[in-house]
Amino acid sequence: AEQGRRAAQAAARQASADLRLEVADRYVGVLRARRGLAAADAALESLAAHAADVQVMVERESVATSDLLAARVAFANARQQQLRAANGLRLAQAA
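Residues numbered from 1 in each chain as written. Predicted model: local features only at pLDDT ≥ 70, side-chain atom pairs only at ≥ 80, totals over all residues. Heavy atoms only, no water.

**Topic: helix H1 (residues 2-59)**
Part 1 of the argument: Given a rise of 1.5 Å per residue, 58 residues ought to cover 86 Å, and the 85 Å separating the end C-alpha atoms of H1 matches this to within 8%.
Part 2 of the argument: All of the buried residues in H1 are Val30, Ala33, Leu37, Ala40, Leu44, Ala51, Val54 and Val58.
Part 3 of the argument: Looking at the packing, one finds that the buried side of H1 touches helix H2 (65-94).
Part 4 of the argument: Glu61 occupies a position one or two residues after H1 and carries a positive phi of about 60°. (Helix = DSSP H or I, 4+ residues; strand = E, 2+ residues; numbered from the N terminus. Expected span 1.5 Å × (residues − 1). Buried < 20%, exposed > 50% of the residue type's maximum accessible area, 1.4 Å probe, protein only. Contact = heavy atoms within 4.5 Å.)

**A short note on the environment of Val63**
Part 1 of the argument: Secondary-structure assignment places Val63 in the loop between H1 and H2.
Part 2 of the argument: As for Val63 and Arg13, which are separated by 50 residues in sequence, their C-alpha atoms are 67 Å apart.
Part 3 of the argument: Ignoring sequence-local partners within four residues, the contact set of Val63 consists of Val54, Met57 and Val58.

Structure below.
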């Protein structure tokens, strides 16, 4: 009986340790996802400003229209990355 009690206590301690580790792992996942979203937000903001600058340069005919298109593509790609990062954060918070 004593051996069974000790085994049950050891199993309970192990389950508690496993739970703490899982909670810590999920918390770190949320922190990483938040940083990823912050980086994606910053990149998007920067590329939006760049696209606006290139638009002005195109209007002044100091750069080719293809430069504006490239800036818009970069912005669109950054927007997709931002959406992925936001979804990753939501998933991490739900876990």
